[in-house]
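A closer look at the structure
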Amino acid sequence: QPEVNAVKLAAEEINAKGGVLGKKLEIVIYDYKSRPEDAVNAVRRLIDHDKVIAILGSASSGANIATAPLVNRAGIPQIGTLSTNPLVTVDEKGKVRPFMFRICFIDPYQGRLIGYFAAKELKKKKAAILYDVGSDYSEGLKEFFVARFAELGGELKGIWGFRSGDVDFRAQLTEMKASGAEAVALPLLYKEMGLIMKQAAELDWFPAFIGGDGFSPSMHEIAGEAMEGSYWVYNMDLLNPQMILLFSRFEKEYGRPVTEPSNVAYAYDLITWVADAIRRAGTDDSTAIRDALEDTKDLRLVHFTLTVDKETHNPLNKPAAMMVWKDQKLNFLEMWAPQDNF
């Protein structure tokens, strides 16, 4: 819902200034219910019935991997918001999927950063990982965390899994506690991470929890005080003045504060990016728009300046922010760039 509202806000602002190439942007929205099969059905309808010229979303790697063959055959560009698995934009042989793009960083990047931060910044020697079996996002983060933590001399005490929909993690946490792990990597989404921290505290276990961009400030409603001192790789600096201004406009428009800041910023910036590509293409032809998206260089967005890597359709320069939850709020620690040695 935050992405839907951010997209509407951006489109309304562009349309109020005359739209793009003399036409107003029209937004068509479908809910895929976090299921890849529903995402495929929605994309088919967007292409065949609604005749869209570009598709924004989703936030799910699994959904976008599932829809990639459809958009590539149809020649309609699709841009993921938080779909971080590399296979969203490149196939198993490393060849770019011509009509698939993303605005976020990828799992190898944040997985390696989590591993580095645990070993080098927090100086933890023993770590465990709890992941969602069957989730492309969770699997990707797990793989690269495990590799990097081991490279830096860390001892992995074990890998524990669960199935999407599980809400009781006490059995896994009891074993993890007994293993002697000092840190726990959580390559998960916010609901599960909140429950895990809460249940660990109930077991009187307080390791250093470190998670990726599945984080949400809303986790505090689930985890409560157990969330204090946890660390998160986030996808933007929330203290950026442009971000604060965007969130202020969002709150004024919808009458409630932003609870999912990254979703709002990503979705808003996607509209800006697509509108810019249409202008540069000079047409609403989807192939020309695809070419313009690929040729994007130094485009100033709200949360960063975008240049696209033509070989992968990833942002070349997407930074990550390391954050800590302290005093019941998210606190900025430092920024990391892809070229940093971690």
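Residues numbered from 1 in each chain as written. Predicted model: local features only at pLDDT ≥ 70, side-chain atom pairs only at ≥ 80, totals over all residues. Heavy atoms only, no water.

**Details of the packing of helix α4 (residues 107–121) against helix α5 (residues 136–151)**
The interhelical angle for the contact between α4 and α5, taken along N-to-C directions, is 40°, at an axis separation of 7 Å. As far as their axial angle goes, α5 and α4 are oblique. Crossing geometry of α4 relative to α5 is assigned as right-handed. Taking contact as the criterion, the partners of D107, P108, Q110, G111, R112, I114, G115, Y116, A118 and A119 in α4 are, on α5, D136, Y137, G140, L141, F144, F145, R148, F149 and E151. For the contact of α4 with α5, the class distribution of residues is ten nonpolar, four polar and five charged. (Axes fitted to C-alpha atoms, helices over the stretch in contact; angles between N-to-C directions. Helix = DSSP H or I, 4+ residues; strand = E, 2+ residues; numbered from the N terminus. Parallel < 35°, antiparallel > 145°, perpendicular 65-115°, else oblique. Left-handed = near helix turned anticlockwise from the far one by under 90°. Contact = heavy atoms within 4.5 Å. Nonpolar A, V, L, I, M, F, W, Y, C, P; charged D, E, K, R; others polar.)

**Details of the layout of surface pockets**
In this approach, a probe sized like a water molecule rolls over the atoms, and the result shows the empty space that is left. Taken as a whole, the second largest pocket spans an internal volume of roughly 370 Å³. If you go around the second largest pocket, you meet 16 residues; those closest to its centre are E13, K17, R249, Y268 and T272. (1 Å grid on protein atoms, 1.4 Å probe; cavity = no way out; pocket = protein on both sides within 12 Å on 5 of 7 lines; lining within 4 Å. Points joined across faces, edges and corners; volume = space filled by probe spheres on them.)

**Here we look at the packing of helix α2 (residues 36–48) against helix α3 (residues 61–74)**
Closest axis-to-axis distance for the α2/α3 pair is 8 Å, and the angle between their directions is 25°. Judged on the interaxial angle alone, α3 and α2 are roughly parallel. You can see that α2 and α3 cross each other, and the crossing is right-handed. Two secondary-structure elements touch here, α2 through P36, A39, V40, V43, R44 and I47 and α3 through G62, A63, A66, T67, L70, V71 and A74. Along the lines of polarity and charge, the residues of the contact of α2 with α3 split into ten nonpolar, two polar and one charged.

**Some thoughts on the side chain of R290**
Relative to the elements of secondary structure, R290 occurs in helix α11 (residues 286–294). With relative accessibility at 11%, the residue R290 sits in the buried group. The residues contacting R290, other than those within four sequence positions of it, are P77, P98, F99, F101 and H313. (Buried < 20%, exposed > 50% of the residue type's maximum accessible area, 1.4 Å probe, protein only.)

**A look at the sheet that holds strand β4 (residues 126–133)**
The sheet built from seven strands is open, its strands ordered β5-β4-β6-β7-β8-β11-β12 with mixed pairing. Unpaired on one side and paired on the other, β5 (155–163) and β12 (329–336) mark the two borders of the sheet. For this sheet the average axis-to-axis angle between neighbouring strands, irrespective of direction, equals 20°. Here strand β11 (residues 320–326) runs beside β12; their pairing, made up of seven bridges, is antiparallel. The partner of W325 across the bridge, within β12, is L330. Its contacts with the sheet place α4 against β6 (183–186), β7 (208–211), β8 (231–234), β11 and β12, and it is angled at close to 100° to β12. Relative to the sheet, α5 contacts β4, β5 and β6, its axis offset from that of β4 by approximately 165°. (Pairing = 2+ DSSP bridges.)

**Quick notes on the nonpolar core**
In this structure, W232 and W273 are the most contacted members of the largest nonpolar core, which totals 69 residues. Element by element, the count of residues in this core is highest for helix α10 (residues 261–281), at twelve residues. Contacts of W273, omitting those with residues within four sequence positions, involve I79, F101, R102, I103, L293, T296, L299, L301, L306 and V308. Among the nonpolar cores identified, the runner-up in size contains 27 residues, and F105, Y137, A183 and V233 belong to it. (Core = buried A, V, L, I, M, F, W, Y, C linked by side-chain atoms within 4.5 Å.)

**Section: helix α7 (residues 190–202)**
In this model α7 runs 18 Å from its N-terminal to its C-terminal C-alpha over 13 residues, within 8% of the 18 Å that 1.5 Å per residue would give. What α7 keeps buried is the set E192, M193, G194, L195, I196, M197, Q199 and A200. Downstream of α7 by one or two residues, D204 has phi in the positive range, about 60°. (Expected span 1.5 Å × (residues − 1).)

**Some thoughts on the pattern of salt bridges**
All chains considered together, the criterion is met by 15 salt bridges. One salt bridge connects E37 with R35, and the closest N-O pair in it is separated by 4.0 Å. Residue classification places E37 among the partly exposed positions, given a relative accessible area of 45%. Residue R35 is classed as partly exposed on the basis of its relative accessible area, which comes to 37%. (Salt bridge = Lys/Arg side-chain N within 4 Å of Asp/Glu carboxyl O.)

**Examining unusual backbone geometry**
A negative phi angle is the norm for most residues apart from glycine, just as the trans form is the norm for most peptide bonds. At the junction of G57 and S58, the peptide bond is cis and its omega measures out at 10° in the coordinates. Mapped onto the elements, S58 comes out in the loop between β1 (55–56) and α3. Despite not being glycine, L21 has its phi angle at roughly 55°, a positive value. Along the polypeptide, L21 turns up in the loop between α1 (2–16) and α2. Phi is positive for H313, which is not a glycine, with a value near 60°. Considering the arrangement of structural elements, one finds H313 in the loop between β10 (305–306) and β11.

**Digging into the environment of D276**
In this structure, D276 sits in helix α10. For D276, a relative accessible area of 18% gives the class buried. Spatially, the C-alpha atom of D276 lies 21 Å from that of V71, the residues being 205 residues apart in sequence.

**A look at a nonpolar patch on the surface**
On the surface, L239, F332 and M335 cluster together into a nonpolar patch covering about 270 Å² of accessible area. With respect to the helices, strands and loops of the structure, L239 is situated in the loop between β8 and α9 (241–254). (Patch = residues over 30% accessible without salt bridge, like charges linked within 9 Å, V, L, I, M, F, W, Y side chains within 5 Å. Areas by Shrake-Rupley, 256 points an atom, 1.4 Å probe, with all protein chains shown as cover.)

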